[in-house]
Amino acid sequence: MRTSLARSRLRNNEPVRIACMYYPNAMMPAHAAKAGYDAIWLDAEHNTWDRRELQRMIALHHLANIDCIVRTGSRNATDLYHLLEMGATGLMIPLVNTAAEAAALVQAVKFPPLGQRGLDGAGIDNDFYLDGTATYPAAANRETLLIVQIETPQALENIDAIAATKGVDGLFIGPGDLALRLDCPLDWENPKLVAAEDAVAAAAARHQIAWGRPGGGPAQIKRIAAKGGKLIAHGSDFGALMSMLPTYAKAFNEAIPGRNNAATPRHHEA
């Protein structure tokens, strides 16, 4: 079974560098690996991914030797461990609010003795059964990640019990949902978000699991790392387009001046 870069980093008490992919992009795993990332998080919660697209994209991660963490809104056990059989290194599950929810996820995606994941072994994660399954369950439990997202006041109230759930490998703050539900701006200097971040960091430290969140730049990344955060997301295909296209448009404007480049608003006929 392939050794997880993220797991290796965590075993060495090092941060995991994560980029986000919103839409299928065949070249991103190779470029992210060369740039020094350890993992790409595929967002299948807010974006539509066909199962065959996921299968192909995860295989490209294996080819580039970079971890693939799939964020999915599904709680169906078969759907979840099918993603692992496709070769996903980890699963990120949004809106986990209680220890009971976390425990149900562990049951779905971990093999005994941690959970009750179904055994097959013919997928890419077990090298298509080339060496049988004698070592597969233990290796899968060791090299895959179950990351639960903390995004609500209820989750913060239950944070210690969630972090204590055996088989949960990481806590990841979803800042947009959390700020929305805490009724505060998405500003990491806001006292409500500072308190939430501190609570997640403390619970992760008590139970010796990883935690993290997206970092908007060097200052935020340093802040997360200083608080013991190891799952640090920074950069995405969406963000790259937002920053790249205005830069390229500026080059056009400098070379060919005089055009009004403001987008024309779309009007709908009555």
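Residues numbered from 1 in each chain as written. Predicted model: local features only at pLDDT ≥ 70, side-chain atom pairs only at ≥ 80, totals over all residues. Heavy atoms only, no water.

Asks: How do you make sense of the overall build of the protein chain when you look at a structure like this?
Replies: Regarding its fold elements, the protein chain presents 12 helices and eight strands. Against the 2.2 N^0.38 benchmark of 18 Å for 270 residues, the protein chain shows a C-alpha radius of gyration of 20 Å, consistent with a compact globule. Based on the C-alpha atoms only, the size of the protein chain along its principal axes is roughly 70 × 45 × 45 Å. Taking the contacts inside the protein chain whose residues are at least 6 apart along the sequence as the reference set, 60% of them involve residues at least 24 apart. Of the accessible surface of the protein chain, which amounts to about 13,900 Å², a share of 56% is contributed by carbon and sulfur atoms. (Helix = DSSP H or I, 4+ residues; strand = E, 2+ residues; numbered from the N terminus. Rg over C-alpha atoms; globule rule 2.2 N^0.38 Å. Contact = heavy atoms within 4.5 Å. Areas by Shrake-Rupley, 256 points an atom, 1.4 Å probe, with all protein chains shown as cover.)

Asks: Please clarify how unusual backbone geometry should be interpreted in this entry.
Replies: Working note: non-glycine residues mostly have negative phi, and peptide bonds are mostly trans. Note the cis peptide between Pro112 and Pro113, where omega equals 10 degrees. When you line up the elements, Pro113 lands in the loop between helix H5 (99–109) and helix H6 (136–143). One non-glycine residue, Tyr129, lies in the positive phi region at around 70 degrees. Position of Tyr129 among the secondary structure elements: in the loop between H5 and H6.

Asks: Teacher, can you tell me more about the sheet that holds strand S8 (residues 231–236) here?
Replies: Two modes of strand pairing occur in sheets, parallel and antiparallel, and in both the strands are linked by backbone hydrogen bonds. Reading around the circumference, S1-S2-S3-S4-S5-S6-S7-S8 is the order of the eight strands in this closed barrel, with parallel pairing throughout. Shown here is a sheet whose adjacent strand axes are inclined to one another by a mean of 25 degrees, direction ignored. In this structure, strand S2 (residues 39–43) lies alongside strand S3 (residues 67–71), joined through five bridges in parallel fashion. Note on S3: the bridge partner recorded for Ile40 is Cys68. Together, strand S4 (90–93) and strand S5 (145–150) form the strand contacts of H5, whose direction differs from that of S5 by roughly 155 degrees. Contacting S5, strand S6 (170–173) and strand S7 (210–214), helix H10 (residues 191–207) runs over the sheet at an angle of about 155 degrees to S7. (Pairing = 2+ DSSP bridges. Axes fitted to C-alpha atoms, helices over the stretch in contact; angles between N-to-C directions.)

Asks: What am I meant to see in the side chain of Arg213 here?
Replies: Tracing the sequence through the fold places Arg213 in strand S7. Polar side-chain contacts of Arg213 include one of 3.0 Å to the side chain of Gln220. Those residues in contact with Arg213 that sit more than four places away from it in its chain are Phe172, Ile173, Trp188, Glu197, Gln220, Arg223, Ile224, Leu231, Ile232 and Ala233. (Polar contact = N/O pair within 3.5 Å; in protein donor to acceptor, adjacent residues only side chain to side chain.)

Asks: How do you make sense of the packing of aromatic side chains when you look at a structure like this?
Replies: The geometry of an aromatic ring pair comes down to the distance between the two centres and the angle between the two planes. Taken as a whole and assessed by the stated rule, the structure comprises four aromatic pairs. On the numbers, 6.2 Å between centres and 35 degrees between planes, the contact of Tyr22 with Tyr23 is tilted. Assessed through its relative accessible area of 47%, Tyr23 is described here as partly exposed. Each ring, one from Trp41 and one from Phe172, has its centre 5.5 Å from the other, and the planes form 80 degrees; the classification is edge-to-face. On the criterion of sequence distance, the pair formed by Trp41 in strand S2 and Phe172 in strand S6 is long-range, its members being 131 residues apart. Residue Phe172 is classed as buried on the basis of its relative accessible area of 1%. (Phe/Tyr/Trp six-rings, centres within 6.5 Å; stacked < 30°, edge-to-face > 60°. Buried < 20%, exposed > 50% of the residue type's maximum accessible area, 1.4 Å probe, protein only.)

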